[in-house]
Amino acid sequence: MPDGKKRLFEEFYKEYAGKLYGVAFRMVNNRQDAMDIVQESFIRAYKNWEKFRNESAVSTWMYKITLNLSYDFLKKRSTNGYLPIEKDFEDKRLHISEKNIIDLDMVDSIKKEIDNLTPKQKMVFILKCYEELTYEEIARITKSRVGTVKATYFQVIQKIKKNLGGKKNGM
Amino acid sequence: MVCRRKYERLMVDLLAGELTEVETEMLMAHIKGCPKCAGLFKEYKGVIEKSKSIEVSVPESDVWEKKLLEIKIPRPHRAGIKILKPAAVLVSLLLLVSLFFVKMPDNRKDKVVLKTSKNGYGMVLTKLPYTEECLLERIDYIDEESASEILEIVLDTPTFSIYEY
């Protein structure tokens, strides 16, 4: 690979590795597995790097490959009957005062709700809520129609809201 | 609650940053005048804000730098595979081609030459590469008597000799 292209790959890696780790981690809930998924995604990107023309195409492709790998991983994990133990979300209990504990309980409940989403719902929710992509970008990544993405995101938010019904203190 | 159905999805779209200016103005105007929708909007806003507050601790940059090196350094076995792959394909091809030239042992005497039976059953138009006993073994799950009958039909010859040994 020419030096210029290598440098571009490095820059892309530095910018996106953390982001993609976040996506993979939110999908699989395990640090090591998320790391492996991100690494595998970049290995695939490195092999195809010369074919890519612009950053937007690469980032879409990278989200796609990371989500696909996470999806495959989740499917494999559900067939093996394995449940993730490790949780590596930032625990803010260490940094905040007691009055905000209720809020944190609600955040815990939201985490559980997210865990219970189907892999496809999770994908849409993560890309919208955390990656702040547009419905159109998400539709491209998940190979669905914009209307489907819109409906899925609404269903997820509605579901979380409904299941948190009894914990409205923080809202 | 008719307006809830009408505006609920729009509320989520607004919080997702997907509404146009006109749509936003229209929705906000409704929310201002409708306490129930205002309450609902607050709930959705709360869910999304709380969801967004869930952070993931991402590994430090030195971890990524090490990982980046692992990607760029070609794996040692890769080069070997590059050379071995075409070689393996070539060898397999040669083996396949050579199979066409392998002469099968000519023990025609022992082989069963099947013919088309008179009554139309057992129509086999090829020579089998195994002997009569083998053929019987292959159909012995029927029972020996029926098998010999079948053979008689197929071969158009008495099978008596088969049982001589």
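Residues numbered from 1 in each chain as written. Chains lettered and ligands numbered in written order. Predicted model: local features only at pLDDT ≥ 70, side-chain atom pairs only at ≥ 80, totals over all residues. Heavy atoms only, no water.

S.K.: Quick rundown of the overall build of chain A? Include the residues and the values.
M.R.: A count of helical and extended segments in chain A gives 7 helices and 0 strands. Along the chain direction, N to C, the helices and strands of chain A fall in the order α-α-α-α-α-α-α. A total of 171 residues make up chain A; the buried ones form 46% of that total. On chain A, roughly 9200 Å² of surface is accessible, and the fraction owed to carbon and sulfur atoms is 48%. (Helix = DSSP H or I, 4+ residues; strand = E, 2+ residues; numbered from the N terminus. Buried < 20%, exposed > 50% of the residue type's maximum accessible area, 1.4 Å probe, protein only. Areas by Shrake-Rupley, 256 points an atom, 1.4 Å probe, with all protein chains shown as cover.)

S.K.: Account for the overall build of chain B, with residues named and values stated.
M.R.: The number of helices and strands found in chain B is 7 helices and 2 strands. N-terminal to C-terminal, the α/β element order of chain B is α-α-α-α-α-β-β-α-α. Classification of the 165 residues of chain B by burial places 27% in the buried group. A sequence separation of at least 24 residues applies to 38% of the contacts in chain B between residues at least 6 apart. A total of about 12200 Å² of accessible surface is found on chain B, and carbon and sulfur atoms cover 62% of it. (Contact = heavy atoms within 4.5 Å.)

S.K.: Outline helix α6 (residues 135–142) of chain A, listing residues and values.
M.R.: Within α6 of chain A, the full set of buried residues consists of Y135, I138, A139, I141 and T142 of chain A. Seen end-on, α6 of chain A carries its buried residues on one side only, within an arc spanning 165°. (Arc of directions from axis to C-beta.)

S.K.: Give me the lowdown on the interface of chain A and chain B, citing residues and values where you can.
M.R.: Facing the 45 residues of chain A at the interface are 33 residues of chain B. Counting the surface lost from both chain A and chain B, the interface buries some 3800 Å², and carbon and sulfur atoms represent 66% of this. Here chain A and chain B share 3 salt bridges between them. The shortest N-O distance in the salt bridge between K128 of chain A and E18 of chain B comes to 2.6 Å. (Buried area = accessible area lost by both parts, 1.4 Å probe. Salt bridge = Lys/Arg side-chain N within 4 Å of Asp/Glu carboxyl O.)

S.K.: Residues and numbers for helix α7 (residues 146–163) of chain A, please.
M.R.: For α7 of chain A, spanning 18 residues, the distance from its first C-alpha to its last is 26 Å, which sits close to the expected 26 Å at 1.5 Å a residue. Where α7 of chain A is concerned, the buried positions are V149, T152, Y153, F154, V156, I157, I160 and K161 of chain A. (Expected span 1.5 Å × (residues − 1).)

S.K.: Hey, could you go over the state of the cysteines for me, with residue numbers and the actual values?
M.R.: Summed over the entire model, instances satisfying the criterion amount to 0 disulfides over all chains. C37 of chain B supplies the cysteine sulfur nearest to C34 of chain B, a cysteine that is in no disulfide, at a spacing of 3.7 Å. (Disulfide = S-S within 2.5 Å.)

S.K.: Which residues make up the packing of helix α1 (residues 3–28) of chain A against helix α2 (residues 31–48) of chain A, and what values do they have?
M.R.: Residues and elements named next belong to chain A. Taken N-terminus to C-terminus, the directions of α1 and α2 make an angle of 145°; their axes are 8 Å apart at the nearest point. The handedness of the crossing between α1 and α2 is right-handed. Contact residues: α1 offers K6, F9, F12, Y13, Y16, A17, L20, Y21, A24, F25 and V28, while α2 offers R31, D33, A34, M35, I37, V38, Q39, F42, A45 and Y46. (Axes fitted to C-alpha atoms, helices over the stretch in contact; angles between N-to-C directions. Left-handed = near helix turned anticlockwise from the far one by under 90°.)

S.K.: Kindly report on the nonpolar core, identifying the contributing residues and their values.
M.R.: F9, F42, F125 and Y153 of chain A together with M11 of chain B are the most contacted members of the largest nonpolar core, which totals 74 residues. Per-element tally for this core: the top contributor is α1 of chain A, with 12 residues. Among all residues touching F9 of chain A, those that are not within four sequence positions of it are F42, A45, Y46 and W49 of chain A together with L68 and I71 of chain B. (Core = buried A, V, L, I, M, F, W, Y, C linked by side-chain atoms within 4.5 Å.)

The values are spatial; any link to function lies outside them.
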